[in-house]
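Chain by chain, the residues run as shown.
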Amino acid sequence: ANAKMRLLKDGVSNSSLHATDVEKMDFDEEMFDLIISDGVLDHIPFEKAKRIVSSFYRYLKKGGYLFISLRSITDSECGRGEIIDKNTYLLENGYEDGELQHFFDIREIDELLNNFKVFDLELHEEIYPSFFSLDKAFLQSSQGQKTYIHNLDHVFDEGFLKSSRYYIAAEKL
């Protein structure tokens, strides 16, 4: 509903939107001009993510676009929890307790998108003082929990936490 409202606001009225479970997708080949996967592929094992991106390739029209976001190995949560596979953890505690989380490196992104032509790749990072929790973005800010900082000169002396995510745009040639 939000996407439809945004498109209408921008003057796009002849669009068809589909929200779907990426593991149960079943569409005609070359059906879509655009596929957006925001924070999805990093919650499944890497090999499964590769299969899903291959299906994205089939579903996109020639010249179609793929926009994805993926957690980076430089994220402070990387390494937290039970290791399942390379860069893959079953997270413990926090807002994603019990969730599978894969953290991507550049080599994996290259492998994941080997059939696409990547035209934009950004690594967005935010840092927080280490006395904030890993859930800072969800718990301490958005739900009104306050952590007062009494000494700004030394706020990062004891280290910091980092939220690190890739934003990638690619085209099917």
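Scroll up for the structure.
Okay, so let's go over this structure.

## A look at the sheet that holds strand S1 (residues 32-38)
Here is step 1: Strand order in the open sheet formed by four strands is S1-S2-S7-S6, and the pairing between neighbours is mixed. The sheet is open, and its two edges are formed by S1 and strand S6 (117-129), each paired on a single side. If you compare each strand with its neighbour and ignore which way they point, the axes differ by 10° on average.
Here is step 2: Here strand S2 (residues 60-71) pairs with strand S7 (residues 160-171) via seven bridges, running antiparallel. By the bridge assignment, Arg71 is partnered in S7 with Arg165.
Here is step 3: Against the sheet, helix H2 (residues 46-59) makes contact with S1 and S2, and its axis sits at roughly 150° relative to S2, the strand it touches most.

## Some remarks on a nonpolar patch on the surface
Here is step 1: Judged by side-chain polarity, Leu34, Ile36, Tyr65, Phe67 and Phe119 come together as a nonpolar surface patch covering roughly 480 Å² of accessible area.
Here is step 2: For the nonpolar patch, the secondary-structure elements that each account for two or more residues are S1 and S2.
Here is step 3: Tracing the chain through its elements places Phe67 in strand S2.

## Description of the nonpolar core
Here is step 1: Within the largest apolar cluster, 24 residues are counted, with the highest numbers of intra-cluster contacts made by Leu41, Phe56, Leu66, Leu112 and Leu113.
Here is step 2: Within the residue set of this core, elements represented by two or more residues are S1, H2, S2, helix H3 (106-112) and S7.
Here is step 3: Sorting elements by how many residues they give to this core places H2 first, with six residues.
Here is step 4: When sequence neighbours within four positions are dropped, the list of residues in contact with Leu113 reads Val53, Leu66, Ile68, Val118 and Ile168.

## Points about H2
Here is step 1: Look at H2: 20 Å from first C-alpha to last across 14 residues, which is about the 20 Å you get at 1.5 Å a residue.
Here is step 2: Among the residues making up H2, those that are buried are Phe46, Ala49, Ile52, Val53, Ser55, Phe56 and Tyr59. For H2, the arc enclosing every buried residue in end-on projection is 165°, short of the 170-degree limit, so these residues lie on one face.
Here is step 3: Tucked into the core, H2 has its buried residues touching S1, S2, strand S5 (100-102) and H3.

## Observations concerning the sheet that holds strand S3 (residues 82-85)
To summarise the sheet geometry, strands pair through backbone hydrogen bonds and adopt either a parallel or an antiparallel arrangement.
Here is step 1: The three strands lie next to each other as S3-S4-S5, forming an open sheet whose pairing is antiparallel. Pairing within the sheet leaves two strands with one partner each, and these edge strands are S3 and S5. Along the sheet, successive strands turn relative to each other by an average axial angle of 30°, direction set aside.
Here is step 2: Across three bridges, the pairing between strand S4 (residues 88-90) and S5 is antiparallel. Residue Thr88 lies in a different strand from S5, and its bridge partner there is His102.

## Quick word on the packing of aromatic side chains
Here is step 1: Following the criterion strictly, the structure yields eight aromatic pairs and no others.
Here is step 2: When the centroid spacing of 5.3 Å and the interplanar angle of 85° are considered together, the rings of Tyr57 and Phe116 count as edge-to-face. With Tyr57 in helix H2 and Phe116 in the loop between H3 and S6, this pair connects stretches of sequence that are 59 residues apart.
Here is step 3: The class for Phe116 is buried, based on a relative accessible area of 10%.
Here is step 4: Seen from their ring centres, Phe156 and Phe160 are 6.5 Å apart, and the 80° between their planes marks the pair as edge-to-face.
Here is step 5: Three or more aromatic residues link up through ring pairs in this structure, and these residues are Phe27, Phe32 and Tyr59.
Here is step 6: The ring of Tyr59 is capped by Arg58, whose NZ or CZ atom sits 5.6 Å from the centre of that ring.
Here is step 7: Of note, Lys172 hangs over the ring of Tyr57, and the distance from its end group to the ring centre comes to 4.6 Å.

The rules we used
Residues numbered from 1 in each chain as written. Predicted model: local features only at pLDDT ≥ 70, side-chain atom pairs only at ≥ 80, totals over all residues. Heavy atoms only, no water. Pairing = 2+ DSSP bridges. Helix = DSSP H or I, 4+ residues; strand = E, 2+ residues; numbered from the N terminus. Axes fitted to C-alpha atoms, helices over the stretch in contact; angles between N-to-C directions. Contact = heavy atoms within 4.5 Å. Patch = residues over 30% accessible without salt bridge, like charges linked within 9 Å, V, L, I, M, F, W, Y side chains within 5 Å. Areas by Shrake-Rupley, 256 points an atom, 1.4 Å probe, with all protein chains shown as cover. Salt bridge = Lys/Arg side-chain N within 4 Å of Asp/Glu carboxyl O. Core = buried A, V, L, I, M, F, W, Y, C linked by side-chain atoms within 4.5 Å. Buried < 20%, exposed > 50% of the residue type's maximum accessible area, 1.4 Å probe, protein only. Expected span 1.5 Å × (residues − 1). Arc of directions from axis to C-beta. Phe/Tyr/Trp six-rings, centres within 6.5 Å; stacked < 30°, edge-to-face > 60°. Lys NZ or Arg CZ within 6 Å of the ring centre and 35° of its normal.

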